[in-house]
Amino acid sequence: MGSGTTASGPGAGFDFDAVVDRRGTWCVQWDGVADRFGVDGLLPFTISDMDFPSPPAVLDALRSRIDHGVFGYTDWQHEDFLSAVRDWFARRHGTRIDTDRLVYAPSVLNQLSQLLRMWTEPGEGVVVHTPTYDGFRKAVDGLGRELRGVPVGDEKALEEQLARPDSRVLVLCSPHNPTGRVWTEAELRRTAELARAHGVAVISDEIHSDLVHEGGVHLPWTRFATGRWALITSATKAFNFPALTGSYGLVGDADDHAEFLRRMRTGEGLASPAVLSLTAHIAAYREGGPWLDALRGYVAGNLRLVADRLDAAFPELGWRPPEAGYLAWIDLRPLGIGTAVPEETLQRELIDTERVAVMPGGTYGCPGFVRLNVGCPRAKAERGVDALISAVTRLRGGGSGGRG
């Protein structure tokens, strides 16, 4: 891939270098930066949405639906939506799904919270991998359940936590946020075995599954599921329309499926989905494949840029791009960040001197790391990694850092 759009193939012609000014659009990443970092006007590399417009096919479908002019109550249980989801899983993930088990909700976290209410009681344990996406932590803590973390890749710790008598649910993030880890078939099979052996339900959040990079393969949880389980996901992440809301899932047990639908229609009052979200999902899954392929290639180029610049500045890190997504999860502990240099000190340098906002690892339970969002035009990605290198270099007493 070149530094701009793909040079050839079905994705040619999409311009990911173009800069779209998102300021003044009520955007959390740009307009809400002061809420999290205490300072306005920072260049943000934070919330996990992208700075790219959604695919032309999605935008065209939305314009057509808006031109219709009537936005009444809407149904999602129709073949246009069901077939789009079913065909996408078959084409992209080589997996047949049973759309009789489909559910719909405003967001993946909404689905997670509803399932936790169904399958756990206050005080009971919810197992997650660490580092942990902060949305999981907020959902579990907010419902009064106990979050039980196990390090990514530590099978012994996973089994210990699942074996606790009051551990009820494992929340599996697949691919994993923030590390970008794509779970192997062996890992998923072993996880299924452990969950089954200890009677623990599995909720697999697969919202990053369509952003796996070349060489990686995402395997949906439906291939391994036994016992009580759910797969929750959305097109909003890969095709960049989270503000339209909308997510869907698969709930394995027929009674659980019926109970989820009942709760959404009654206690939650969410019988009607957002019609523009349905429109966007259907268009993305039917026509958005070439755009998505081009996007993944471009983002992979951004991640290689981060790797090259970190290797040049700090070869001792040995940093390599993640297997999925556009989030660079960077371990700075070998450089003394989080120990000799407190994480807060790095944050002040990034904010006050570099004027950038980068998510600290402590947000995900791992001080000494940072999560740098490079789902953006390449010039912005360059600015972000150069700012990080400059800040760390100064804090280590090394002068002006990575900028030429």
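Each remark here, short or long, concerns the structure printed above.
Residues numbered from 1 in each chain as written. Predicted model: local features only at pLDDT ≥ 70, side-chain atom pairs only at ≥ 80, totals over all residues. Heavy atoms only, no water.

Draft legend 1. Main features of the overall build of the chain. A count of helical and extended segments in the chain gives 13 helices and 11 strands. For a compact globule of 404 residues, the expected C-alpha radius of gyration is about 22 Å, and the chain comes in at 21 Å, within 12% of that figure. By principal-axis analysis of the C-alpha atoms, the chain measures approximately 65 × 55 × 40 Å. Counting all 404 residues of the chain, 55% fall into the buried class. Partitioning the contacts of the chain with sequence separation of at least 6, the portion at a separation of at least 24 is 74%. Element-wise, carbon and sulfur atoms account for 50% of the exposed surface of the chain, whose accessible area totals about 16,700 Å². Taken together, the 43 basic and 52 acidic charged side chains of the chain have centroids lying 1 Å from each other. (Helix = DSSP H or I, 4+ residues; strand = E, 2+ residues; numbered from the N terminus. Rg over C-alpha atoms; globule rule 2.2 N^0.38 Å. Buried < 20%, exposed > 50% of the residue type's maximum accessible area, 1.4 Å probe, protein only. Contact = heavy atoms within 4.5 Å. Areas by Shrake-Rupley, 256 points an atom, 1.4 Å probe, with all protein chains shown as cover. Lys, Arg positive; Asp, Glu negative; His and termini not counted. Charge placed at Lys NZ, Arg CZ, Asp CG, Glu CD.)

Draft legend 2. Representation of the sheet that holds strand β1 (residues 43-45) within the structure. Within the open sheet, the 4 strands sit side by side as β1-β10-β11-β9. Their pairing is mixed. Of all strands in the sheet, those with a lone pairing partner are β1 and β9 (327-331), marking the two edges. Each neighbouring strand pair of the sheet contributes to a mean axis angle of 30°, computed without reference to strand direction. Pairing of β1 with strand β10 (residues 356-360), which is carried by 3 bridges, proceeds in the parallel orientation. Across the sheet, residue P44 finds its bridge partner in β10, namely A357. Against the sheet, helix α12 (residues 343-354) engages β10 and β11 (369-373), with an angle of about 160° to β10. (Pairing = 2+ DSSP bridges. Axes fitted to C-alpha atoms, helices over the stretch in contact; angles between N-to-C directions.)

Draft legend 3. Examining the sheet that holds strand β8 (residues 247-251) more closely. Taken in spatial order, the 7 strands of this open sheet run β2-β8-β7-β6-β5-β3-β4, and their pairing is mixed. Whereas interior strands pair on both sides, the edge strands pair on one side only; in this sheet they are β2 (102-105) and β4 (146-151). Averaged over all neighbouring strand pairs, the angle between strand axes comes to 25°, with direction disregarded. Pairing of strand β5 (residues 167-173) with strand β6 (residues 201-205), which is carried by 5 bridges, proceeds in the parallel orientation. Within β6, the position partnered with L172 by the bridge is S204. Its contacts with the sheet place helix α6 (residues 134-142) against β3 (125-130), β4, β5 and β6, and it is angled at close to 145° to β4. Strand contacts of helix α9 (residues 254-265): β2 and β8, with the helix running at about 25° to β2, the strand carrying the most contacts.

Interpretation in functional terms is not warranted from these geometric data alone.
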